[in-house]
Amino acid sequence: GDSVTQMEGPVTLSEEAFLTINCTYTATGYPSLFWYVQYPGEGLQLLLKATKADDKGSNKGFEATYRKETTSFHLEKGSVQVSDSAVYFCALRSAVGSARQLTFGSGTQLTVLP
Amino acid sequence: GAVVSQHPSRVICKSGTSVKIECRSLDFQATTMFWYRQFPKQSLMLMATSNEGSKATYEQGVEKDKFLINHASLTLSTLTVTSAHPEDSSFYICSARNTEQFFGPGTRLTVL
C-alpha cells in the first residue's frame, strides 16, 4: 500500500537558518504530493503541493520539488522564522482507487529559536 | 481558501457519556468528509470516510458502533463518540473535500 516516510524530529534551528525536512514515498503510479503544517492546538493547513513529476510547490518561502526518480518531496526554506515553529506533515494522495484519500507521514516538529 | 469548522473545539466529559462533534464546510459543498484521530506527537489516523446520504466507510480497527458518523447534508457531518472512556481522549480532526481537501481546526476530547 501507499506510505510516506518522513524525517524524524524534533528539529531545532536558530532564526534565519536553512531548513530541510526529508520526505520519501511509496505509491502506485503518480500520486499527488503535499506538505501540511499544524500550528499548536490547530488543525492542518495546506502549505504546498505538487501534482506531477518535477513540479515545484512553493508558499511562504517554503519549497518542495516532486522527484519521481528518488520518490522524494523534501521541504526546504532558506531562512526560517520563529513563526515557522509547527509540526509539518508530508502526505500523498494516490492516483488510483476511488477513495483517493490522503496518506500522511508521521510529522516533524520544528522549533525555531530567536 | 475554503473553510471547515468544528464544534466544539474542546470538550471534557465523564466516562460513559456520549459526545457529539460537528464538522461543517462553511462556503462549499463537500461530497466527501473524513474523520481523523491524532494522538500526541503522532500523525493523523484516518478513522472513516463518509459521503452525503450514505453510510460511512470505517478503517480497519475502528469500531463503527462506538464512533457513529452521520453525514446528513453536503455541509455537515457529525461524529458521536458513544460511551466514552479515557482511552478515547484524543484530538479529532475532520476534513471536507470537493475538488480539494480542507481540514477543520480539530476538537480536543478529554474523558475523565
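Heads up: the structure comes first, above all this text.
The text that follows walks through the structure, step by step, so that each part is easy to find. (Residues numbered from 1 in each chain as written. Chains lettered and ligands numbered in written order. Predicted model: local features only at pLDDT ≥ 70, side-chain atom pairs only at ≥ 80, totals over all residues. Heavy atoms only, no water.)

Some words on the overall build of chain B
The number of helices and strands found in chain B is zero helices and eleven strands. Seen in sequence order, chain B has helices and strands lined up from the N terminus as β-β-β-β-β-β-β-β-β-β-β. Its C-alpha atoms give chain B a radius of gyration of 13 Å, within 12% of the compact-globule value 13 Å for 112 residues. With the C-alpha coordinates aligned to their principal axes, the bounding extent of chain B is approximately 40 × 25 × 20 Å. Going through the 112 residues of chain B one by one, you find that 48% of them count as buried. For chain B, the proportion of contacts with a sequence separation of at least 24, taken over those separated by at least 6, is 54%. As displayed, chain B offers around 5,600 Å² of accessible surface, 52% of which is attributable to carbon and sulfur atoms. The averaged location of the 9 negative side-chain charges in chain B is 6 Å from the averaged location of its 11 positive side-chain charges. (Helix = DSSP H or I, 4+ residues; strand = E, 2+ residues; numbered from the N terminus. Rg over C-alpha atoms; globule rule 2.2 N^0.38 Å. Buried < 20%, exposed > 50% of the residue type's maximum accessible area, 1.4 Å probe, protein only. Contact = heavy atoms within 4.5 Å. Areas by Shrake-Rupley, 256 points an atom, 1.4 Å probe, with all protein chains shown as cover. Lys, Arg positive; Asp, Glu negative; His and termini not counted. Charge placed at Lys NZ, Arg CZ, Asp CG, Glu CD.)

As for the interface of chain A and chain B
With 17 residues of chain A at the interface, the matching set in chain B holds 17 residues. Among the residues of chain A in contact with chain B, Leu44(A), Gln101(A) and Phe104(A) are the three that bury the most area, contributing 33% of the side total. At the boundary of chain A with chain B, the tally comes to one salt bridge. Here Glu100(B) makes a salt bridge to Lys49(A), at a shortest N to O gap of 2.5 Å. (Buried area = accessible area lost by both parts, 1.4 Å probe. Salt bridge = Lys/Arg side-chain N within 4 Å of Asp/Glu carboxyl O.)

Things to note about the side chain of His71(B)
All names here are of chain B. Among the secondary structure elements, His71 is positioned in strand β7 (residues 67-73). Residue classification places His71 among the buried positions, given a relative accessible area of 6%. Among the polar contacts listed, one links the side chain of His71 to the side chain of Ser50, at a separation of 2.9 Å. For His71, the contacting residues outside a window of four places in its chain are Ala30, Thr31, Thr32, Met33, Ser50, Asn51, Glu52, Gly53, Leu76 and Ser77. (Polar contact = N/O pair within 3.5 Å; in protein donor to acceptor, adjacent residues only side chain to side chain.)

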